[in-house]
Amino acid sequence: MHQCVPHTPKASVFHTDHGERVHIREAVPHDIPLLTDLLFRLSDDTRWLRYFSAGPLSFERAWQEATRMAQRRTHDRAALVATIRRGDAEEAIAVAEVVRDQRTATVGELAIVVRDDYQTHGVGSALGSQLVRIARATGITTVRAEIQLENRAAQRLMRRVFGSSMATRHGSVVEMMAQLSNAISNG
Ligand SMILES: CC(C)(COP(=O)(O)OP(=O)(O)OC[C@H]1O[C@@H](n2cnc3c(N)ncnc32)[C@H](O)[C@@H]1OP(=O)(O)O)[C@@H](O)C(=O)NCCC(=O)NCCS
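A. Quick look at the site of the ligand. In the region of the ligand, 23 residues are neighbours, and Leu-49, Gly-124, Ser-125, Ala-153 and Arg-156 sit closest. Elements with a minimum of two residues in the shell around the ligand: α2 (44-51), β5 (107-114), α4 (123-137), β6 (142-148) and α5 (152-162). If you tally residues by element for the shell around the ligand, the top one is α5, at six residues. By residue class, the composition of the shell around the ligand is 11 nonpolar, eight polar and four charged.

B. Expanded view of the pairing of strand β3 (residues 77-86). Note that strand β2 (residues 21-26) and β3 share four bridges and pair antiparallel. If you follow His-23 over to β3, its bridge partner there is Thr-83. Across 10 bridges, β3 lies against strand β4 (residues 89-100) in antiparallel orientation. Counterpart to Ala-82 in the pairing with β4 is Ala-94. Here β3 folds back onto β4, and the loop between the two strands holds two residues, one of which, Gly-87, carries a positive phi near 65 degrees.

C. Geometry of the sheet that holds strand β8 (residues 173-179). The strand order β1-β2-β3-β4-β5-β6-β8-β7 describes an open sheet built from eight strands, whose pairing is mixed. The open sheet has two edge strands with one neighbour each: β1 (12-15) and β7 (165-170). The average angle at which neighbouring strand axes cross in this sheet is 25 degrees, direction not considered. On the sheet, α4 packs against β1, β2, β3, β4, β5 and β6 and is oriented at approximately 45 degrees with respect to β4.

Thresholds applied
Residues numbered from 1 in each chain as written. Predicted model: local features only at pLDDT ≥ 70, side-chain atom pairs only at ≥ 80, totals over all residues. Near = placed C-beta within 6 Å. Helix = DSSP H or I, 4+ residues; strand = E, 2+ residues; numbered from the N terminus. Nonpolar A, V, L, I, M, F, W, Y, C, P; charged D, E, K, R; others polar. Pairing = 2+ DSSP bridges. Axes fitted to C-alpha atoms, helices over the stretch in contact; angles between N-to-C directions. Contact = placed C-beta atoms within 7 Å.

Shown next as structure tokens:
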């Protein structure tokens, strides 16, 4: 009988600050259920910091967003997923994306979200630094992130991974821009 075996891209292994083993790899369509579960379970605070939207996320909306994230890499966008194993099951604990700016081709918009129970364990920094290599390979030289003013974690992550960043405040949002030439890159 012919079996369709989904292709899973090669993963790199990273250990959290608490010593837990995490796999980081490019997202693929096979990840839609994993990513839906991750997005659907985010706390209100985390969802607000990632999407600037306070309303609850329905399962259908989480599935749609996961489907968007799990498209294979193109010249204009890439997503990395961080996973752990729980028994026989794989769980997504974070996802990071870079999407090319439509007006300035050398700029990539960065977005990362880490599951609440894995925040502050170094996962966001590990994903960010792996995304650097992919972004560079597609000709992106600068990353930009829009971050809530109160979001110290994301601002520190930008500085930790991307080095010196230019920050411009627009009301309650800070736009941070960083040159990839200053960034640390893992993988
Ligand atoms: C922002 C986020 C991606 C950071 O990922 P993380 O895995 O928690 O961060 P790390 O453990 O890699 O730490 C990165 C830096 O943030 C700091 N940090 C982490 N959580 C923090 C917190 N709650 N308050 C202050 N600083 C914090 C860390 O100390 C580290 O800084 P340092 O190197 O100067 O010590 C994660 O907290 C998250 O998903 N937040 C909600 C969504 C979001 O804000 N996304 C970013 C906007 S797109």
